[in-house]
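# Descriptive analysis of the structure
Spelled out, the chains give:
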Amino acid sequence: MKDRLQAYLHKALPGLRGDLDIESIPGGQSNPTFFVTQGEQRMVLRKQPPNALPSAHAVDREYRIMKALAGSGVPVPEVLSFCDDASVLGTPFYLMKRIEGRVFNDPSLPDVAPDDRRDMYFAMADTLAALHGVDWEAAGLADFGRPGNFFERQVGRWTKQWSASGGEPSADIDTLIDWLPRHIPASDVTTIAHGDFRIGNLMFHPTEPKVVGVLDWELSTLGHPAADVAYSALGWHLGQADYMGIADLDLAASGIPSEQDYLARYRGAATHDFLVEPFHFAFSLFRLAVIFEGIAARARVGTASADNASDVGRLAGRFARLAVEHASSSL
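Predicted, not measured: the structure shown is a model, and the values here were computed from it.

Pairing is antiparallel in the open sheet, where five strands are placed in the order S1-S2-S3-S5-S4. At either margin of the open sheet sits one strand with a lone partner, and together these are strand S1 (20-24) and strand S4 (79-83). Sheet twist, expressed as the mean angle between neighbouring strand axes with direction ignored, is 20°. Where strand S2 (residues 33-38) meets strand S3 (residues 41-47), six bridges bridge the pair, whose relative direction is antiparallel. Bridge assignment links Phe35 to a residue of S3, and that residue is Val44.

Dropping the structure here:
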């Protein structure tokens, strides 16, 4: 890998000098990610995993959206180069500048002062509102997705993805595949949608409760902002054992705001007006169930990016069950 990457960098970024160092970043369930350092240039490399499902792990879309958002007010790393030549590293990849800060995979934000926890969650809401306020046409993203009918298309996409993943039969998934298309809300707003907007995909300032980078854009598209909002608020509906949950924390003692306060903060900063309904939570959980089943499928063939992929994949059934419960709550 090192020799092939060195040869690529020599052509793509000819100003780089010094020894090349590559360090794998552990823990991701998504695109394999590496710290790459050459001389004084500190970079991050993201590549598509082998045997990815069709349309999944789209590193080309990650590269494009971050390049388009440069200077928009939405904090993103500076992208440097994209390579679609699989002969270099086996799959397409891109490079971006490495930014300094803190990433919290644990949404309880351990070792952070309670006041900063509150401000960090509010910074998440403000950043999401800023993203949804970007003029996607002016940013050159008119063809980044199809405006309108977002949830109809997404339900269809993730239904097909479920079939492609080869997952075990699930009565809950069958229920959702039937229920979701029949309960899509009438609101039809189009913004840039991140697709995986959560506390763990934000980089915060090294010492301040400020977002300095929004990461992991592989699911980004043009879509309805309620999908991002509901997904970002799933933590209040999940326990700590459920991937990104905070529902079983003492929120008042921790400093983390309530779901109502988080959503109010978003609404106060947003430029679009819409309701977040049980449908949106059910859809978000359905999509997570499909994604996690995909992780389990990669674990079965040995191509998962994280050592605990098989354990995480078992959460697919849990998310499907919770999605059905949200669907039932709207009846």
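For the pair helix H6 (residues 171-179) and helix H12 (residues 315-329), the least separation of the axes is 9 Å and the interaxial angle reads 40°. As the angle between them shows, H6 and H12 are arranged oblique. Once H6 is placed against H12, the crossing between them reads as left-handed. Residues Asp172, Ile173, Thr175, Leu176 and Trp179 of H6 form the contact with H12, whose participating residues are Ala320, Arg321, Ala323, Val324 and Ala327. When its residues are assigned to classes, the contact of H6 with H12 shows seven nonpolar, one polar and two charged.

Before going further, it helps to examine the packing of aromatic side chains. Evaluated as defined, the whole model comprises 14 aromatic pairs. Considering the side-chain rings of Phe104 and Phe204, the 6.2 Å spacing of their centres and the 65° angle between planes classify their relative orientation as edge-to-face. Taken together, the positions of Phe104 in the loop between strand S6 (102-103) and helix H4 (114-132) and Phe204 in strand S8 (residues 202-204) put the pair 100 residues apart, joining distant regions of the chain. Taking relative accessible area as the criterion, Phe104 reaches 10% and is therefore assigned buried. Here Phe204 falls in the buried class, since its relative accessible area comes to 0%.

Our next topic: the environment of Asp126. Relative to the helices and strands, Asp126 resides in helix H4. For Asp126, a relative accessible area of 27% translates into the label partly exposed. Taking C-alpha positions, Asp126 is 8.0 Å from Ala270, a pair spaced 144 residues apart along the chain.

Cut-off values and rules
- Residues numbered from 1 in each chain as written.
- Predicted model: local features only at pLDDT ≥ 70, side-chain atom pairs only at ≥ 80, totals over all residues.
- Heavy atoms only, no water.
- Pairing = 2+ DSSP bridges.
- Helix = DSSP H or I, 4+ residues; strand = E, 2+ residues; numbered from the N terminus.
- Axes fitted to C-alpha atoms, helices over the stretch in contact; angles between N-to-C directions.
- Parallel < 35°, antiparallel > 145°, perpendicular 65-115°, else oblique.
- Left-handed = near helix turned anticlockwise from the far one by under 90°.
- Contact = heavy atoms within 4.5 Å.
- Nonpolar A, V, L, I, M, F, W, Y, C, P; charged D, E, K, R; others polar.
- Phe/Tyr/Trp six-rings, centres within 6.5 Å; stacked < 30°, edge-to-face > 60°.
- Buried < 20%, exposed > 50% of the residue type's maximum accessible area, 1.4 Å probe, protein only.

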